[in-house]
Amino acid sequence: MKRGARPALRQAQRAVLRALAVFCVAGGLLTGCHEETGGRQTLTFWTFGREGEAMQALLAPFEQAHPDIQVRVQQLPLSAAHQKLLTAYAGGSMPDLMQLGNTWLPEMVALDAVEPLDARVAHSTVIQPADYFDSIWATNRIDGHLYGVPWYVDTRLLFYRVDLLRQAGFDHPPRTWAEWRQMLAALSDPAEHRYGILLPTNEYEQLMSLALEQPDPLLRDGNRYGNFESAGFKRALSFYVDTFRLHQAPAISNVVAGNPWEEFGRGVYAFYFSGPWNIGEFRSRLPASAQSTWDTAPLPGPDGPGTGAAGGASLVIFRGSSHKEAAWALIQYLSEPAVQRRFYDLVGDMPPRRSAWAGGALSRDPKAQAFRIQLEHVKPTPPVPEWERIANEMQLAAARVIAGELSVDQACAELDSRVDAILEKRRWVLDHREEGR
């Protein structure tokens, strides 16, 4: 979509966001972003949680090499980050650059809030697009332009109990859905409070990953309409729901599940469908004697190796920044393979560049290798600002099937109807753009 085609969408969104800003400014949520201190540029960088903590350790070499730049890192709680971002946009108080989740990027692009980076990347000797995992890089390209540089990546795959599979007669993790179903059946005994897998019913990422393994896209016609009545999504939803119907997973949320690491260690679950942060969690939470009992494996697909969801966060520069060159210098520094390896050592966030995996702790960590394999086989979610709302609707529909309130066909039809309503504004904007050509 060309920038000039978005005025109606931007005007409507800005009106809502400015109304929100009036409330939030009164509550003191906005802070100034641009200052000059003693002749030095003050660069404001918004991050989340642990990433912000790691920046304190990473910044010293950058500031030594750039004595005219002082970086002010502001850590946002993830639960409030999206609201604060929209409030800052509406109030004209954006930072210079930010760590932005790749599902939030389309929203910022629709608001014309982030700077295109194509020309900067083209002239960079540090950032080499071919070195990045293809689909991770693709999450930052919208309407033919690049708006972010991947900072770290994640995808979800299988943590599994090697010893329990071996006891059940399996000498390898599942490679197809048929193998996986066979293993789940062998490892489940609800009467003994044992299940093949934990799939928290309030998390959409697991079902979304299964759906991305299908040839059918989740949205159709230029991402104007839902495509959940497709054969592919029905196949994914059926496999997911059958796991509960066959009592191979308990129909509980992650709140009810309590401590999944302890339960996994006790053998309550043989598989855990999760992301790279749990490598560190399992190492710290399970005793040393249990470390040889678990491993990681790429996702099985319907008929062979599976595809994961392309997740993670990227670094973006906001259009309103008066320090764009300094912001770009920081992005390039944080993109250096050696710095990305150091970043992984500090917080466990996996690098998006293949070369960063060639040395350091990652190259020697057998638990990380399944993620390295999976990252070559991931798909981005649809690049629409409404995606998180759509994904939540997807999970709500699945929960109703699990509860027996809807059949798979009924849930998919209702889901398409709800998603089509969510995408109504998008269709209006795209249709008017085409009329104006």
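Refer to the preceding data block for the structure.
Given the structure is predicted, the values throughout are model-derived calculations rather than measurements. Counting of residues starts from 1 at the beginning of each chain's written sequence and follows it residue by residue. Given that the model is predicted, a residue must reach a pLDDT of at least 70 before its local features are reported, and side-chain atom pairs must reach 80 or more before they are shown or counted; all residues, however, enter totals for whole chains, interfaces and linings. In computing side-chain properties, one takes all heavy atoms of the structure into account and sets aside hydrogens as well as water.

J.: An account of helix α19 (residues 408-422) is needed here, citing residue identities and associated values.
T.: Here a strand is any run of E in DSSP of at least two residues, a helix any run of H or I of at least four, and the numbering for each starts at the N terminus. A helix is expected to span 1.5 Å multiplied by its residue count minus one. The end-to-end C-alpha separation of α19 is 21 Å, in line with the 21 Å expected for 15 residues at 1.5 Å each. Along α19, the residues that are buried comprise V408, A411, C412, L415, D416, V419, D420 and I422. In an axial view of α19, the angular spread of the buried residues amounts to 165°, which keeps them on one side of the axis. Only protein chains enter the accessibility calculation, which uses a 1.4 Å probe; a residue whose area is less than 20% of its type maximum is buried, one above 50% is exposed, and one in between is partly exposed. Arc, as used here, means the arc of the directions from the helix axis to the C-beta atoms.

J.: Describe the nonpolar core, listing the residues and the values that go with them.
T.: Nonpolar cores are built from buried Ala, Val, Leu, Ile, Met, Phe, Trp, Tyr and Cys residues. Side-chain atoms within 4.5 Å join them into one set. Among the nonpolar cores identified, the biggest contains 82 residues, and W180, F233, L237, Y240 and F271 are the most heavily contacted of them. Residues A54, V149, W328 and L330 belong to the second largest nonpolar core, which totals 34 residues.

J.: Hey, could you go over helix α13 (residues 277-285) for me, with residue numbers and the actual values?
T.: Among the residues of α13, those classed as buried are N278, I279 and F282. The buried side chains of α13 occupy one side of the element, clustering within an arc of 115° when seen end-on. On its buried side, α13 packs onto β8 (157-161), α12 (260-266), β12 (269-274), β13 (294-297) and α17 (369-374). Any pair of residues with heavy atoms lying within 4.5 Å of one another is described as a contacting pair.

J.: Summarise the environment of F239; cite the residues concerned and give the values.
T.: Tracing the sequence through the fold places F239 in helix α10 (residues 231-245). Judged by relative accessible area, F239 falls into the buried class, the value being 10%. Taking the C-alpha atoms as reference, F239 lies 9.3 Å from L207; in sequence the two are 32 residues apart.

J.: Please set out the pattern of salt bridges residue by residue, giving values where relevant.
T.: Within this document, salt bridges are pairs made up of a side-chain nitrogen of Lys or Arg and a carboxyl oxygen of Asp or Glu, the two lying within 4 Å of each other. All chains considered together, the criterion is met by 26 salt bridges. The partner of E376 in a salt bridge is R372, and the shortest N-O contact between them spans 2.9 Å. On the accessibility criterion, E376 (33% relative accessible area) is partly exposed. By relative accessible area, R372 is classed as partly exposed at 22%. Within the structure, one salt-bridge network assembled from shared partners comprises E393, R400, E405, E414 and R418.

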